Amino acid sequence: MINKVYVNADGGSRRNPGPSAIGVVIRDEDNSMLSKYKECIGEATNNVAEYRALIKALELVAKYTRYEVQVFMDSEFVIKQISGIYRIKAKHLYPLFQEVKNCERAFEKVTYNHVNRGSKFQIMADQLVNEALDER
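Trainee: Outline the environment of Gly 12, listing residues and values.
Mentor: Within the secondary structure layout, Gly 12 lies in strand S1 (residues 4-13). By relative accessible area, which is 11% here, Gly 12 ends up buried. Once the C-alpha coordinates of Gly 12 and Tyr 94 are considered, the two residues, 82 residues apart in sequence, prove to be 19 Å apart. Setting aside residues up to four positions removed in sequence, Gly 12 forms contacts with Pro 19, Ser 20, Ala 21, Asn 46, Ala 49, Val 129 and Leu 133.

The following block contains the structure:
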């Protein structure tokens, strides 16, 4: 088991709602790539896709650590909801929020960070989203 793992997650929709996909990039403390993941998730809104990406990221990262996870996403909306800064007003997002909170229990510490879309590993996660959508 690794002490600390970094994960970039991204979800996207072509139209809103529309065909959607997720992308996840997992790396260790030295920024060495541990895993990449992409998947089409069917029809969804952009916010649902972002939440689904986060849930999948936490599920995948559990293979590598049970200690500390640093999550990076370019969705300020999701990061602020998960961090408790924004209330969840849309009822359909609450079950996804709860699922994230359930996934968090697998780890000693989970930290959420909003990053710029132009950050190196966020670009990789976004590319995985687009690859999945292009391949569907």
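What follows continues from the structure just given.
Trainee: With reference to specific residues and values, describe the pattern of salt bridges.
Mentor: A side chain with one charge can pair with a side chain of the opposite charge if their charged atoms come near. Inspection of the entire model under this criterion finds 9 salt bridges. For the salt bridge of Glu 59 with Lys 56, the shortest nitrogen-to-oxygen distance reads 3.6 Å. A residue pair is termed a helical-turn pair when its members lie 3 or 4 positions apart in one helix, as Glu 59 and Lys 56 do in helix H1 (residues 46-61) at 3 residues. Taking the relative accessible area as the measure of exposure, Glu 59 reaches 39% and is therefore partly exposed. Between Lys 101 and Glu 104 there is a salt bridge; the shortest N-O distance is 3.2 Å. Here the residue Lys 101 and the residue Glu 104 both occupy positions in helix H3 (residues 94-104), the gap between them amounting to 3 residues, near one helical turn. Where salt bridges share partners, they join Lys 38, Glu 131 and Glu 135 into one cluster.

Trainee: Explain the sheet that holds strand S4 (residues 68-73) residue by residue, including any values.
Mentor: The strand order across the open sheet built from 5 strands is S3-S2-S1-S4-S5, with neighbouring strands paired in mixed fashion. The open sheet has two edge strands, strand S3 (33-44) and strand S5 (109-114), and neither has a second partner. If you compare each strand with its neighbour and ignore which way they point, the axes differ by 20 degrees on average. As judged from the 8 bridges shared by S1 and strand S2 (residues 18-27), these two strands associate in the antiparallel manner. Paired with Gly 11 across the two strands is Ile 22, which belongs to S2. The sheet strands contacting H1 are S1, S2, S3, S4 and S5, and the helix crosses S1 at an angle near 155 degrees.

Trainee: Could you give an account of the packing of H1 against H3, with specific residues and numbers?
Mentor: Between H1 and H3, whose axes approach to 9 Å, the crossing angle comes to 15 degrees. One finds that H1 runs roughly parallel with respect to H3. Relative to H3, H1 is oriented so that their crossing is left-handed. Here Val 48, Tyr 51, Arg 52, Leu 54, Ile 55, Leu 58 and Glu 59 of H1 lie close against H3, whose contacting residues are Leu 96, Phe 97, Glu 99, Val 100 and Cys 103. The class makeup of the residues in the contact of H1 with H3 is 9 nonpolar, no polar and 3 charged.

Trainee: Can you tell me about H3, naming the residues and giving the values?
Mentor: Residues of H3 that are buried: Leu 96, Phe 97, Val 100, Cys 103 and Glu 104. Seen along its axis, H3 keeps its buried residues to an arc of 120 degrees; they face one direction. Looking at the buried positions of H3, the neighbouring elements they touch are H1, helix H2 (76-82) and S5.

Trainee: Residues and numbers for the pairing of S3, please.
Mentor: Both S2 and S3 contribute to a ladder of 10 bridges, which runs antiparallel. Across the sheet, the residue bridging to Gly 23 is Lys 38, located in S3. Turn length for the S2-S3 hairpin, with the two strands adjacent in sequence and antiparallel, is 5 residues, and the turn residue Asn 31 shows positive phi of about 65 degrees.

Procedures and definitions
- Residues numbered from 1 in each chain as written.
- Predicted model: local features only at pLDDT ≥ 70, side-chain atom pairs only at ≥ 80, totals over all residues.
- Heavy atoms only, no water.
- Helix = DSSP H or I, 4+ residues; strand = E, 2+ residues; numbered from the N terminus.
- Buried < 20%, exposed > 50% of the residue type's maximum accessible area, 1.4 Å probe, protein only.
- Contact = heavy atoms within 4.5 Å.
- Salt bridge = Lys/Arg side-chain N within 4 Å of Asp/Glu carboxyl O.
- Pairing = 2+ DSSP bridges.
- Axes fitted to C-alpha atoms, helices over the stretch in contact; angles between N-to-C directions.
- Parallel < 35°, antiparallel > 145°, perpendicular 65-115°, else oblique.
- Left-handed = near helix turned anticlockwise from the far one by under 90°.
- Nonpolar A, V, L, I, M, F, W, Y, C, P; charged D, E, K, R; others polar.
- Arc of directions from axis to C-beta.

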